[in-house]
Amino acid sequence: MIAVSDGAGGGGVYAERWSTYLVNHLPEIPIKSFDELDRWIEEIWEPFYNACEETAKQEGGMLLDKFYDEGSFATLAVVWKDKENCHWMSYGDSVIFHYDKKSGKLENSFSKLADFNEPPYLINCKDELNPKGFRSGYFKSSKDSIIFAASDTLSHYIMMMYEVNKKDCYHEELQEAINAHSKNGIFIKNAIGINKLDFENDVLNKLMNCRNWMNLKRHISALVKKGLIGNDDYSFVAFRE
């Protein structure tokens, strides 16, 4: 199993604590439907809420009011590997990927580049889930597979670089994202200007070779300077067959 949960700091409190809690309480069997996700959240939310409520009461004032009003928010993207398939589910804009080295094909759990400009669906520790935020499926893996997951900003970079590398196939999707006139559109324009881009060697292998936080920090800093990725926190987890 691999998982990414990205705590959302734009609303609520204790987002990092909530994202950690979700990952630490994942079930051992795949979540394959919205109802299964909803039941699992229903089973686990209350101890987290009670513990955070006690912490917030000690702080008091506006923090406690904010927790009562807004709760805690996070995305979730998970892969469960069995002998034949990689079952995945996602809620929000953290993304799961499957890359086949033999075919050079990249699959993902997201929709399209332009949708990174939209507010993501988020799991809240106290509110009902929205079925529209749930996605699930499976990847047929092989000895040539690399399975990985990433938080939103890093996922946008990965998807962008793959599509730019195959821009004849993804011309309309790239143009739609550029036409949104967001900061992501600037990153896409910068990526299109790169000569002789090789997705596997220049993008995926460089991420896979970041064996510690310092290496990843250096690599991301270089991408920021090149205007290919936004400033954010970044999560990346992977396994090979």
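Up top you'll find the structure we're talking about.
First, a word on what this report is: a plain description of the structure on this page. Treat the numbers as computed from the prediction; the structure is a model and nothing was measured.

Digging into the nonpolar core
Next up, step 1: Grouped together as the largest cluster of nonpolar side chains are 38 residues, with contacts concentrated most on Leu 154, Tyr 157, Ile 158, Met 160, Met 161 and Phe 199.
Next up, step 2: When contributions to this core are tallied by element, the ones reaching two or more residues are strand S5 (95-100), strand S9 (145-150), helix H4 (152-165), helix H5 (171-179), helix H6 (183-192), helix H7 (199-208) and helix H8 (213-225).
Next up, step 3: At 8 residues, H4 tops the list of elements feeding residues into this core.
Next up, step 4: Once residues lying within four places of it in the same chain are set aside, the contact partners of Met 161 are Ala 191, Ile 194, Leu 197, Phe 199, Val 203 and Leu 228.
Next up, step 5: If you look at the next biggest cluster of nonpolar residues, it comprises 28 residues, including Trp 40, Cys 52, Trp 80 and Phe 134.

Quick notes on the environment of His 25
Next up, step 1: Counting through the fold element by element, His 25 comes out in the loop between helix H1 (15-24) and helix H2 (34-59).
Next up, step 2: Distance in space between the C-alpha atoms of His 25 and Ile 44 is 7.6 Å, their sequence separation being 19 residues.
Next up, step 3: When sequence neighbours within four positions are dropped, the list of residues in contact with His 25 reads Trp 40 and Ile 44.
Next up, step 4: Of note is the side chain of His 25, whose polar atom sits 2.8 Å from the backbone oxygen of Tyr 21.

Some words on the sheet that holds strand S3 (residues 76-81)
Next up, step 1: One open sheet accounts for 4 strands, arranged S1-S3-S4-S8; its pairing is antiparallel. The open sheet is flanked by strand S1 (2-4) and strand S8 (134-140), the only strands paired with a single partner. With strand direction ignored, the average angle separating the axes of adjacent strands in the sheet is 10°.
Next up, step 2: Bridge count between S3 and strand S4 (residues 85-91): 6 bridges; the pairing is antiparallel. Each residue of the ladder has a partner; that of Val 78, found in S4, is Met 89.

Calculation notes
Residues numbered from 1 in each chain as written. Predicted model: local features only at pLDDT ≥ 70, side-chain atom pairs only at ≥ 80, totals over all residues. Heavy atoms only, no water. Core = buried A, V, L, I, M, F, W, Y, C linked by side-chain atoms within 4.5 Å. Buried < 20%, exposed > 50% of the residue type's maximum accessible area, 1.4 Å probe, protein only. Helix = DSSP H or I, 4+ residues; strand = E, 2+ residues; numbered from the N terminus. Contact = heavy atoms within 4.5 Å. Polar contact = N/O pair within 3.5 Å; in protein donor to acceptor, adjacent residues only side chain to side chain. Pairing = 2+ DSSP bridges. Axes fitted to C-alpha atoms, helices over the stretch in contact; angles between N-to-C directions.

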